[in-house]
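# Secondary and tertiary structure notes
Given next are the chains, with one letter for each unit.
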Amino acid sequence: MTTSRTPLIDLPRLMAHRGLSAHAPENTLSAVQLAWEAGITWVELDVQLLGDGTPVIWHDPGMRRCSDGRGKLSKLRLEQAREYDVGAWYAERFRGERMATLDDMLNLIDRRGMAVNLELKVTRGRDPEALAESVIPRLLEALPFERRLVSSFSPAALDHARSIASPSQLALGVLVDKIGKNWRSDMEAVQAYSLHCDWKKLKEERAREVTQSGTPLLCYTANDPVAFAKYWKWGVTTVISDDPERFADKA
């Protein structure tokens, strides 16, 4: 599936889900810094737009779960979003943490020599094309090809990302819940590099079909290295985990 037009990326066995989110508030600068300190060089992060068009590292459509604030991202300006504490909900030692913009995060990742699997997070009612338009040029400028991967559940977001950058400029990953029988055509539609799925819904036959085609297969979000052990034998390339250190001696 991977074509000659797409350079190869040295994907890791272990990738930190939303940063080292088992030990820090997810999708924050602290979570990425802790991943780096733990020796995890690749992080998976979510990006979406605030109401003023600023791309920020955040998963949910609203602020409630991971901050002391309220409100939808689509209604917030950056100065409003930055008033909220996004660390204290997790642990007192993270009190004072603020929402990271994409630019903040890419700067940290670059300074640490890290790499990112950046998910274009398209929540209900949001514009996938506007998100890709804002994110992709920033990513291309900030990091070299081999240290960046863009994934999404949204075909429209991936399609627009591909219209901005060719396979030789940007690797794309198709995100799915469960790998269906049309996975090849889904990937070909956006000239994707990798396929990402829920590990609990992955079947051996499908896993081998994907990996034997030469397509990198990434599984989210696994936190039990014992339960995951057989998946390595199926050819899985990368596990995306809240606590990848637990896999260190088993991957």
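All values reported here derive from a predicted model rather than from experimental measurement. (Residues numbered from 1 in each chain as written. Predicted model: local features only at pLDDT ≥ 70, side-chain atom pairs only at ≥ 80, totals over all residues. Heavy atoms only, no water.)

All right, on to helix 7 (residues 204-212) then. Among all positions in helix 7, only A207, V210 and T211 are buried. An end-on view of helix 7 places all buried positions within 90 degrees of arc, on one side of the element. Residues of helix 7 that are exposed and angled more than 90 degrees away from the buried face: E205 and Q212. Elements in contact with the buried residues of helix 7: helix 6 (183-189), strand 7 (194-198) and strand 8 (217-220). Positive phi appears at G214, one or two residues downstream of helix 7, with a value of about 90 degrees. (Buried < 20%, exposed > 50% of the residue type's maximum accessible area, 1.4 Å probe, protein only. Helix = DSSP H or I, 4+ residues; strand = E, 2+ residues; numbered from the N terminus. Arc of directions from axis to C-beta. Contact = heavy atoms within 4.5 Å.)

Turning our attention to the side chain of E119. Here E119 lies in strand 4 (residues 115-120). Engagement of the side chain of E119 in a polar contact is seen with the side chain of K121, the distance being 3.0 Å. Setting aside its immediate chain neighbours within four residues, E119 contacts E44, L45, D46, V47, S151, S152, F153 and L175. (Polar contact = N/O pair within 3.5 Å; in protein donor to acceptor, adjacent residues only side chain to side chain.)

Evaluation of the coordinates by the stated rule reveals nine aromatic pairs. Here F228 and F247 contribute two aromatic rings whose centre-to-centre distance is 6.0 Å and whose plane-to-plane angle is 80 degrees, an arrangement assigned as edge-to-face. Of this pair, F228 sits in helix 8 (residues 225-233) while F247 sits in the segment after strand 9 (238-241), and the two are 19 residues apart along the sequence. By the burial criterion, F228 is buried, and F247 matches it. Every member of this aromatic cluster is reached through a ring pair, and the members are W199, F228, Y231, W232, W234 and F247. Over the aromatic face of W36 sits the side chain of R112, whose NZ or CZ is 4.3 Å from the ring centroid. (Phe/Tyr/Trp six-rings, centres within 6.5 Å; stacked < 30°, edge-to-face > 60°. Lys NZ or Arg CZ within 6 Å of the ring centre and 35° of its normal.)

The next thing to look at is the pairing of strand 7. When you tally the buried positions in strand 7, you get five out of five residues, the bulk of the element. Judged from the three bridges that link them, strand 6 (residues 172-175) and strand 7 form a sheet pairing that is parallel. Along strand 7, the bridge assignment pairs L175 with H196. Note that the unit made of strand 6, helix 6 and strand 7 has a crossover that is right-handed. In terms of strand pairing, strand 7 meets strand 8 through four bridges, oriented parallel. Counted as the bridge partner of L195 is L217 from strand 8. Read from strand 7 through helix 7 to strand 8, the crossover connection turns out right-handed. (Pairing = 2+ DSSP bridges. Right-handed = clockwise from strand over helix to strand, strands pointing away.)

Further remarks concern a negative patch on the surface. On the surface, D127, E129, E133 and D159 cluster together into a negatively charged patch. Within the secondary structure, D127 is located in the loop between strand 4 and helix 4 (128-142). D127 sits in the partly exposed class, given a relative accessible area of 45%. (Patch = residues over 30% accessible without salt bridge, like charges linked within 9 Å, V, L, I, M, F, W, Y side chains within 5 Å. Areas by Shrake-Rupley, 256 points an atom, 1.4 Å probe, with all protein chains shown as cover. Salt bridge = Lys/Arg side-chain N within 4 Å of Asp/Glu carboxyl O. Lys, Arg positive; Asp, Glu negative; His and termini not counted. Charge placed at Lys NZ, Arg CZ, Asp CG, Glu CD.)

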